[in-house]
Amino acid sequence: MPPTLASLVHHSALKLTVRAGGDRLDVPVRWAHVSELADPVPYMEGGELLLITALKLDAENPETMRRYVRRLVGAGVVGLGFAVGVNYEDIPKALVDAAEEEDLPLLEVPRRTPFLAISKAVSAAIAAEQYRAVTAGFAAQRELTKQALTDGPDGLLAALAAQVNGWAALYDASGAVVATAPEWAGRRAARLRADVERLRERPAPASSVVGGPEHEDRVELHTLGTGRRPRAALAVGTAAALGTAERYAVHSAIALLTLTTERSRSLHAAEQRVGAAVLRMLLAGEPDHARAVAGDLYGELLDAPFRVIVAEAAPVSAARVVDSGARVALSTTSAAVLVAASEEGGDPLGALTEVVESAAARAGEAVLVVPEGEGEAARVVVLAADGGAAVAACAQYAAALEAARAGTVPEGRGADEDELVVGLSAPAGPIAAAAAYKQAEQAVSVARRRGRVCVEHEQLAAGSVLPLLADDAVKAFADGLLRALHEHDATGRGDLVASLRAWLSRHGQWDAAAADLGVHRHTLRYRMRRVEEILGRSLDDADVRMELWLALKATSAE
């Protein structure tokens, strides 16, 4: 169960006392937040236990306290913790009366109980609940997988119904019920056929919630299949909304049933879904969850530095011309793949995917390929081991396309949105996946503007800044130029970025810049020498100073 005010009051180490709202202690607490603002409401999301000492509040003024408490209740704050012995020896009567009027739980926090202890207790309870849900979800996944392997869809539905304490039904492509668990759910599932047919008309994957008549269950409908037209549908009926553990079980059942209903493409489609989930978790800053989902399929890829590759589509006609030239340059490594891609319609994204996957397979490497979008908006996102065969094959394929384009495209014509462009990030790990994805997108944008097939993010700091004066290109240039300084500062060996900004803003005046930084001018001179050594550029060069200032301005605007 998630933490509640009651569980905090009963926590023996906190010694909290209820002063008002004792009949509402069963309310869940989403977080414990400390704020001494006179009006903390703009920073509340609802469900918080607010902890205060009334440092900036006139807590003895009845009207002020009524307005304050009313605002908190309106924002969804579930409780108020007041520390006594700090600014007030006891909770002022005005605050107690206001809390009682609004029925807001008011907890007295003794001086010996720090707010941090309450925050830790809430955080630990939330973490324990999340761990329980994840553990239960994985246990459900194992049980569902076991039943699917031994008894097929019937066994899987029975296990799912037990996990959610409800019922489950499987529909075929026509919307007919083919299996239910328990058996009595067949009649209930049959009444949902019209809802299933409406769901099948929506683009897959699709889901909906059907509220039954009064006193009846709540039903979730999910399409199954990897194509545009679903091959089947799953219905799950429960007495109430699904919890986190039950949601894990339903998602696992959807994945397993999809595998059993798909045919020749099912395994590859499932791997791509897992890869997409891993990518989404990485981009969302959840590397631990990504590792858990990746398992043996992509786990190896996340154990070493990788690169993110973003490739966008080109017209079929242009791709055919380019592929014919590229085939010559790649005859030793991927000619067969390119021939196959050309025979299938000259899809350059498909050919690039085949090159990367084939190279990884030959080298025994893991590679994650996620297609995104359709038509002119189509793109492919790849995670491949840094320095591995897949990255090398991508670079080689792009170089061959570049050479072929030079012979077939008139001079001066840049790559537009309809031509294949590829961007490679700098090497990164799971924690920095989102930054690497951004780097690859920036590189794609620069490649398009420069008329290049492939650009690596590490190349973006080279050359003049003038061709990059546009949106993402400027930010990419700035990131590349300043990356080495940021990496130096991250080690705690000196604040070079801030020192460079101060020195440039003072037009190289040592005393003024040193005063701004609060350091001796000799310290600042040493730091500027380190900047020159790390960047390999002289600060005596006006163009270098201009580019560095532009890079600093571009990064500070993010």
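The rules behind the values
Residues numbered from 1 in each chain as written. Predicted model: local features only at pLDDT ≥ 70, side-chain atom pairs only at ≥ 80, totals over all residues. Heavy atoms only, no water. Core = buried A, V, L, I, M, F, W, Y, C linked by side-chain atoms within 4.5 Å. Buried < 20%, exposed > 50% of the residue type's maximum accessible area, 1.4 Å probe, protein only. Helix = DSSP H or I, 4+ residues; strand = E, 2+ residues; numbered from the N terminus. Contact = heavy atoms within 4.5 Å. Salt bridge = Lys/Arg side-chain N within 4 Å of Asp/Glu carboxyl O. Pairing = 2+ DSSP bridges. Axes fitted to C-alpha atoms, helices over the stretch in contact; angles between N-to-C directions. pLDDT = per-residue confidence, 0-100. Polar contact = N/O pair within 3.5 Å; in protein donor to acceptor, adjacent residues only side chain to side chain. Disulfide = S-S within 2.5 Å. Right-handed = clockwise from strand over helix to strand, strands pointing away. Phe/Tyr/Trp six-rings, centres within 6.5 Å; stacked < 30°, edge-to-face > 60°. Parallel < 35°, antiparallel > 145°, perpendicular 65-115°, else oblique. Nonpolar A, V, L, I, M, F, W, Y, C, P; charged D, E, K, R; others polar. Expected span 1.5 Å × (residues − 1). Arc of directions from axis to C-beta.

Buried together is how nonpolar side chains tend to be arranged in soluble globular proteins. Ranked by internal contacts, the top residues of the largest apolar core, which has 30 residues, are Val278, Val308, Leu368 and Leu383. Broken down by secondary-structure element, the contributors of at least two residues to this core are α8 (266-283), α9 (287-298), β11 (306-312), β12 (367-372), β13 (379-385) and α14 (433-450). If you tally residues by element for this core, the top one is α14, at eight residues. Leaving out residues up to four positions away in the same chain, valine 278 has contacts with Ala290, Val293, Ala294, Tyr298, Leu302 and Leu368. Counting residues in each nonpolar core, the second largest holds 28 residues, with Leu349, Ala378, Cys394 and Ala398 among its members.

A separate point is the pattern of salt bridges. Side chains that differ in sign of charge can pair as their charged atoms come close. Under the defined criterion, the tally for this structure stands at 24 salt bridges. Note that arginine 66 is salt-bridged to glutamate 63, the shortest N-O span being 2.9 Å. With a gap of three residues between them, arginine 66 and glutamate 63 both fall in helix α2 (residues 62-74), about one helical turn apart. With a shortest N-O distance of 3.0 Å, glutamate 220 and arginine 218 are connected by a salt bridge. Linked by salt bridges that have partners in common, Arg19, Asp90 and Glu108 make up one network.

Another point: the sheet that holds strand β9 (residues 218-224). Strands sit in the order β7-β6-β10-β9-β8 across an open sheet of five strands; the sheet is antiparallel. Strand pairing shows two members of the sheet lacking a second neighbour, β7 (177-181) and β8 (207-211), which therefore form its edges. On average, each strand axis in the sheet is tilted by 20° relative to the strand beside it, whichever way the strands run. For β9 and strand β10 (residues 232-238), the ladder comprises seven bridges, and the chain directions are antiparallel. Paired with arginine 218 across the bridge in β10 is threonine 238.

Turning to unusual backbone geometry, a few remarks are in order. The linkage connecting alanine 181 with the following residue, proline 182, adopts the cis geometry, with an omega of -10°. Looking at the secondary structure, you find proline 182 in the loop between β7 and α5 (185-190). Positive phi values are uncommon outside glycine, yet lysine 15 reaches one of about 60°. Positive phi is not limited to glycine here, since asparagine 165 has a value of about 55°. Looking at the secondary structure, you find asparagine 165 in the loop between α4 (115-164) and β6 (167-171). Accessibility expressed as a relative area gives 69% for asparagine 165, which makes it exposed.

Attention now goes to the confidence of the model for the protein chain. Chain-level statistics for the protein chain give a pLDDT mean of 81 and a share of 85% at 70 or above. Scored below 50 in pLDDT, residues 315-345 shows 47 contacts in the model against residues more than four places distant or in partner chains. Predicted confidence for residues 409-417 stays below pLDDT 50, and this span has twelve contacts to residues more than four positions away or in other chains.

Along the chain, the position of serine 35 falls in the loop between β2 (31-34) and β3 (48-52). In terms of polar contacts, serine 35 uses its side chain to reach the backbone amide nitrogen of leucine 37, at 3.3 Å. When neighbours within four sequence positions are excluded, serine 35 is seen to be in contact with Pro40, Leu50, Leu51 and Ile52.

A few words now on the state of the cysteines. In the structure shown here, the tally under the stated rule is zero disulfides. Between cysteine 394, a free cysteine, and cysteine 454, which holds the nearest cysteine sulfur, the sulfur-to-sulfur gap is 5.6 Å.

Here we take up the pairing of strand β5 (residues 106-109). The side chains of a regular strand alternate between both faces of the sheet. Here β5 shows no split at all, with Leu106 and Glu108 on one side and Leu107 and Val109 on the other all buried. Bridge analysis of strand β1 (residues 17-20) against β5 gives three bridges, and the strand direction is antiparallel. Each bridged residue has a counterpart across the sheet, and for valine 18 the counterpart in β5 is leucine 107. For strand β4 (residues 79-83) and β5, the ladder comprises four bridges, and the chain directions are parallel. Bridging from a neighbouring strand, alanine 83 pairs with valine 109 of β5. Handedness of the crossover is the feature at issue here: the chain leaves β4, passes through helix α3 (residues 93-102), returns alongside β5, and the resulting connection is right-handed.

Following the criterion strictly, the structure yields three aromatic pairs and no others. Centre to centre, the rings of phenylalanine 82 and tyrosine 88 are 6.1 Å apart; their planes meet at 55°, and the pair counts as tilted. Taking relative accessible area as the criterion, phenylalanine 82 reaches 0% and is therefore assigned buried. Arranged with centres 6.4 Å apart and planes meeting at 40°, the rings of phenylalanine 138 and tyrosine 248 form a pair that is tilted.

Another point: the packing of helix α17 (residues 510-517) against helix α18 (residues 521-535). Relative to each other, α17 and α18 sit at 100°, their axes nearing to 9 Å. By the angle between their axes, α17 is roughly perpendicular relative to α18. Residue-level inspection shows Trp510, Asp511, Ala513, Ala514 and Leu517 of α17 in contact with α18, the latter providing Arg521, Leu524, Arg525 and Met528. Across the contact of α17 with α18, the residue classes break down as six nonpolar, no polar and three charged.

Attention shifts here to helix α19 (residues 542-556). Its 15 residues place the ends of α19 21 Å apart at the C-alpha level, agreeing with the 21 Å of an ideal helix rising 1.5 Å per residue. All of the buried residues along α19 are Val544, Glu547, Leu548, Ala551, Leu552, Ala554 and Thr555. Considered in projection along α19, the buried side chains sweep an arc of 165° and stay on one side of the axis.

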